[in-house]
Every structure is written in C-alpha cells, then in structure tokens.
Amino acid sequence: MTGAGTSPHGQTTGGFEKTPGWLDWYDGPSAPTFRMPAGAVDAHCHVFGPGDRFPYAPERKYTPCDASAEQLFALRDRLGFDRNVIVQATCHGSDNRALVDALRRSGGRARGVATVRRDVTDAEIAELHEAGVRGVRFNFVKRLVERLDTAALEEIVHKITPLGWHVVIYFEAEDLPELYDFFSGIPTDVVVDHMGRPDVGKDPDGPEFGLFLRFLRENPNVWTKVSCPERLSLTGPPALDGERYAYTDVVPFARRVVEEFPDRVLWGTDWPHPNLTDHMPDDGLLVDHIPRIATTVALQKQLLVDNPLRLYWPEGA
Ligand code: 0GY
C-alpha cells in the first residue's frame with residue numbers, strides 16, 4: 001500500500017535536493033474498485049518541476065521530488081478521471097510556468113489555479129486565462145508561506161473578478177475564527193481546500209467543525225474540496241480485514257459536508273501529496289474513499305462531474 005521511497009521517478013532534477021525525509025509519490029497505484037462516473041474531474045492535484053525545466057522558487061519551504069505533467073496525466077488515465085484541475089503549489093511560489101506548461105499540454109483537459117503577486121498585470125492575467133487558469137490560490141498555512149497581506153489579496157481579487165475567476169483558500173481549522181470575516185467578504189466564488197483542515201480527532205458535531213459548516217451555510221459563494229483524507233486522518237491507511245476501506249475517521253466529516261452542500265463540493269487526489277510524513281497513499285485506494293463520503297450515484301456525479309464542470313468549464317464540457 002505504501003510506496004515511500006520506492007518510486008523510480010522519485011527524483012528532483014536541476015541540482016535541487018529534496019527536503020530530508022521527503023516521501024515520494026507512489027508509482028504503482030492499484031486500480032480502484034469504485035466505478036468513476038464518465039467525465040470525472042480530479043479537482044486538486046499539482047505538478048512539481050521537473051526542477052531542471054521549472055526551477056523551484058527561492059522562497060519555498062520545501063523541495064519535493066519532481067512530478068511532471070506526463071506523470072499526472074498517466075495517473076489521471078490509470079484512475080479513470082477525464083480531467084484535472086492543477087493547483088499551484090507553494091514550492092513554485094508565484095512562478096506559474098510549470099502549471100501553464102501542463103495546462104497547454106493537456107489538450108483542454110486541465111484547468112489551473114495560479115498564485116499571483118499583487119503587482120500582477122492585466123496582460124499576465126489574460127495570458128494565464130488563455131492557458132486555462134480560472135482561479136487564484138491564497139495559502140494561509142503558516143508552515144507553507146509567510147503571512148499574507150490581506151490588502152494585497154483584496155487588490156488581486158479586484159483584478160481577477162472581471163474574468164470570472166474564483167479564489168481558492170487553504171487554511172487550518174484553528175485559524176478560521178480569526179479569518180472568518182475576511183473570508184466572508186471575498187466577493188467571488190471561494191473554494192476551501194480540504195474542508196479547512198479539521199482536527200478529525202474532535203467531534204464532527206463539535207464547535208470547531210461547526211464553525212466551518214456555519215461558514216458554508218452563511219456564504220452561498222463558498223465551496224469546499226472534501227479531499228485529503230490521507231492528510232487529515234489520525235487512524236491512517238491500513239485496510240480493514242482486507243477491505244479497501246481506509247481513513248475511516250475522516251468519513252463523518254466529509255460525508256456531512258457532501259450531504260448538506262451537494263452542489264458546492266469538489267474532490268481531488270492531491271497527487272503528488274506534498275509534505276506527508278508518515279505514509280504515501282495508494283491513489284487507487286484514495287479513489288475508493290469516494291463512495292464512502294458520497295454514498296449515492298447522484299451525489300457522486302455532482303461531486304466528480306457536475307460541480308467541477310460548472311466551476312472550471314462553464315462554457316460546456
Ligand atoms: C496540498 C497540501 C499541502 C501543500 C500545498 O501548496 C502547497 O505547498 O498545498 C500541505 O503541505 O498541506 O494541498 O497540496
């Protein structure tokens with residue numbers, strides 16, 4: 001199940017050295033047993049480098065192993081997805097060249113979420129749009145980035161609004177109280193990565209996750225990715241009695257969100273899974289998590305097809 005360190009592709013090129021202890025993405029994912037609906041979108045994944053073509057950003061907090069567009073598209077086909085949404089990761093800072101290259105090589109089967117600086121020009125935004133970018137990401141996770149200046153974010157939001165882009169935010173549950181009002185004021189659609197990273201050791205009916213659910217209820221423009229069980233789980237990956245059933249402690253959280261907000265949820269693999277420290281997931285097993293959290297064919301189609309197409313391919317599939 002785990003492939004840490006075994007991938008022949010687990011390299012970092014361009015003279016970069018991986019962060020000590022880095023776990024490489026797993027090169028031999030099992031075939032999922034879940035029958036993916038036609039047209040399914042992996043709505044959260046990344047490309048890393050390769051470092052010799054697309055150098056990692058000087059300000060990065062980690063150096064990953066390379067994970068190229070070709071390798072991502074091979075995984076897409078292996079798992080049964082039709083499309084990808086590729087999200088700029090912090091190790092590339094605001095240098096979106098690897099992302100844009102992947103989008104251009106996807107044949108229209110990938111959209112992107114970029115990271116831009118406050119001085120980004122309208123021409124640069126137009127070029128990103130032409131390549132397939134449809135959103136910007138603001139990362140508030142302290143171990144990944146320096147603190148963001150909210151005035152800068154407001155300027156960026158102002159610049160991207162005319163193109164109909166949305167904002168992706170990544171934060172941890174303990175930071176939501178402080179950021180709640182700022183997030184609630186973002187006028188575009190907003191997508192929250194990984195359910196705002198709940199502590200799944202706590203009660204899904206408790207105040208912490210309750211605040212996140214309230215955030216979704218009070219702000220109809222807010223969506224969330226019910227992704228990353230492997231990142232959130234405390235019980236971890238072992239399959240129970242040989243069943244392909246892992247990350248059980250995350251299920252009540254994700255299922256709750258899918259059932260209350262079925263038209264505002266997205267799902268993604270998070271390949272190549274940066275910064276995991278205890279295991280590297282089998283992406284096939286991750287896909288088999290989907291029917292545990294979206295328990296009907298109708299919910300699965302909303303989660304994997306209808307919702308991501310509405311947000312990323314509104315002009316029609
Ligand atoms: C994720 C999660 C992480 C990393 C990043 O941009 C990034 O570097 O998002 C993380 O370390 O939790 O979604 O990829």
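Residues numbered from 1 in each chain as written. Predicted model: local features only at pLDDT ≥ 70, side-chain atom pairs only at ≥ 80, totals over all residues. Heavy atoms only, no water.

1. Overview of the layout of surface pockets
Counted as a void, the largest pocket has a volume near 550 Å³. As for the largest pocket, its lining consists of 24 residues, of which Glu59, Thr115, Val116, Val145 and Leu148 are closest to the centre. Considered as a void within the structure, the second largest pocket measures approximately 320 Å³ in volume. Surrounding the second largest pocket, 15 residues form its lining, Ser94, Asn96, Val120, Glu124 and Leu128 being those nearest its centre. Elements supplying a minimum of two residues to the lining of the second largest pocket: helix 2 (97-104) and helix 3 (122-131). A breakdown of the residues in the lining of the second largest pocket according to their chemical character gives four nonpolar, four polar and seven charged. (1 Å grid on protein atoms, 1.4 Å probe; cavity = no way out; pocket = protein on both sides within 12 Å on 5 of 7 lines; lining within 4 Å. Points joined across faces, edges and corners; volume = space filled by probe spheres on them. Helix = DSSP H or I, 4+ residues; strand = E, 2+ residues; numbered from the N terminus. Nonpolar A, V, L, I, M, F, W, Y, C, P; charged D, E, K, R; others polar.)

2. Description of the pairing of strand 5 (residues 166-170)
Burial analysis of strand 5 places five of its five residues in the buried class, the great majority of the element. Burial of strand 5 is two-sided: the residues His166, Val168 and Tyr170 facing one way and the residues Val167 and Ile169 facing the other way are all buried. Two elements, strand 4 (residues 133-139) and strand 5, share five bridges in a ladder whose sense is parallel. Paired with Asn139 across the two strands is Tyr170, which belongs to strand 5. Running through helix 4 (residues 150-160), the crossover from strand 4 to the neighbouring parallel element strand 5 is right-handed. As defined by bridge partners, strand 5 adjoins strand 6 (residues 190-192) across three bridges and the pair is classed as parallel. Counterpart to Val168 in the pairing with strand 6 is Val191. (Buried < 20%, exposed > 50% of the residue type's maximum accessible area, 1.4 Å probe, protein only. Pairing = 2+ DSSP bridges. Right-handed = clockwise from strand over helix to strand, strands pointing away.)

3. Focus: the packing of aromatic side chains
A complete count under the given rule lists twelve aromatic pairs for this structure. Look at Phe140 and Phe183: their rings are 5.1 Å apart centre to centre, the planes differ by 75°, and that puts the pair in the edge-to-face class. One end of the pair, Phe140, is in the loop between strand 4 and helix 4; the other, Phe183, is in helix 5 (residues 176-184), and 43 residues separate them in sequence. The buried category is assigned to Phe140, whose relative accessible area is 12%. On the basis of relative accessibility, which here comes to 1%, the residue Phe183 falls in the buried class. Three or more aromatic residues joined by ring pairs make a cluster, and in this case those are Phe140, Phe171, Tyr180, Phe182, Phe183 and Phe215. (Phe/Tyr/Trp six-rings, centres within 6.5 Å; stacked < 30°, edge-to-face > 60°.)

4. Structural notes on the packing of helix 5 against helix 6 (residues 207-218)
At a minimum axis separation of 11 Å, helix 5 and helix 6 run at an interaxial angle of 5°. Classified by the angle their axes make, helix 5 and helix 6 are roughly parallel. Taking contact as the criterion, the partners of Leu176, Pro177, Tyr180, Phe183 and Ser184 in helix 5 are, on helix 6, Leu211, Phe212, Arg214, Phe215 and Glu218. When the residues that make up the contact of helix 5 with helix 6 are grouped by side-chain class, the tally is seven nonpolar, one polar and two charged. (Axes fitted to C-alpha atoms, helices over the stretch in contact; angles between N-to-C directions. Parallel < 35°, antiparallel > 145°, perpendicular 65-115°, else oblique. Contact = heavy atoms within 4.5 Å.)

5. Comments concerning the pattern of salt bridges
Applying the stated criterion across every chain yields a total of 26 salt bridges. Taking the shortest distance from any N to any O, the salt bridge between Arg97 and Asp95 comes out at 2.7 Å. The class of Arg97 is partly exposed, set by a relative accessible area of 49%. For Asp95, a relative accessible area of 25% corresponds to the partly exposed category. We note a salt bridge from Arg118 to Glu155, for which the minimum N-O separation is 2.6 Å. With Arg118 in the loop between strand 3 (110-114) and helix 3 and Glu155 in helix 4, this pair connects stretches of sequence that are 37 residues apart. One continuous salt-bridge network, built from bridges that share partners, spans Arg76, Asp77, Asp82, Arg83 and Arg109. (Salt bridge = Lys/Arg side-chain N within 4 Å of Asp/Glu carboxyl O.)

6. Concerning helix 5
Within helix 5 the residues assigned to the buried category are Leu176, Leu179, Tyr180, Phe182 and Phe183. Contacts from the buried residues of helix 5 go to helix 4, strand 5 and helix 6.

7. Notes on the site of the ligand
In the vicinity of the ligand, 16 residues are found, and the nearest of them are His46, Tyr62, Thr90, Tyr170 and His194. Separating an oxygen atom of the ligand from a side-chain N or O atom of Tyr170 is a distance of 2.6 Å. Taken by itself the ligand offers 350 Å² of open surface, and the protein chains cover 100% of this. Comparing atom positions with the cavity grids shows the ligand to sit within the largest cavity. Each residue belonging to the shell around the ligand can be placed in one class, and the counts come to five nonpolar, six polar and five charged. (Near = heavy atom within 4 Å. Polar contact = N/O pair within 3.5 Å; in protein donor to acceptor, adjacent residues only side chain to side chain. Areas by Shrake-Rupley, 256 points an atom, 1.4 Å probe, with all protein chains shown as cover. Sits in = over half its atoms within 2 Å of the grid points.)

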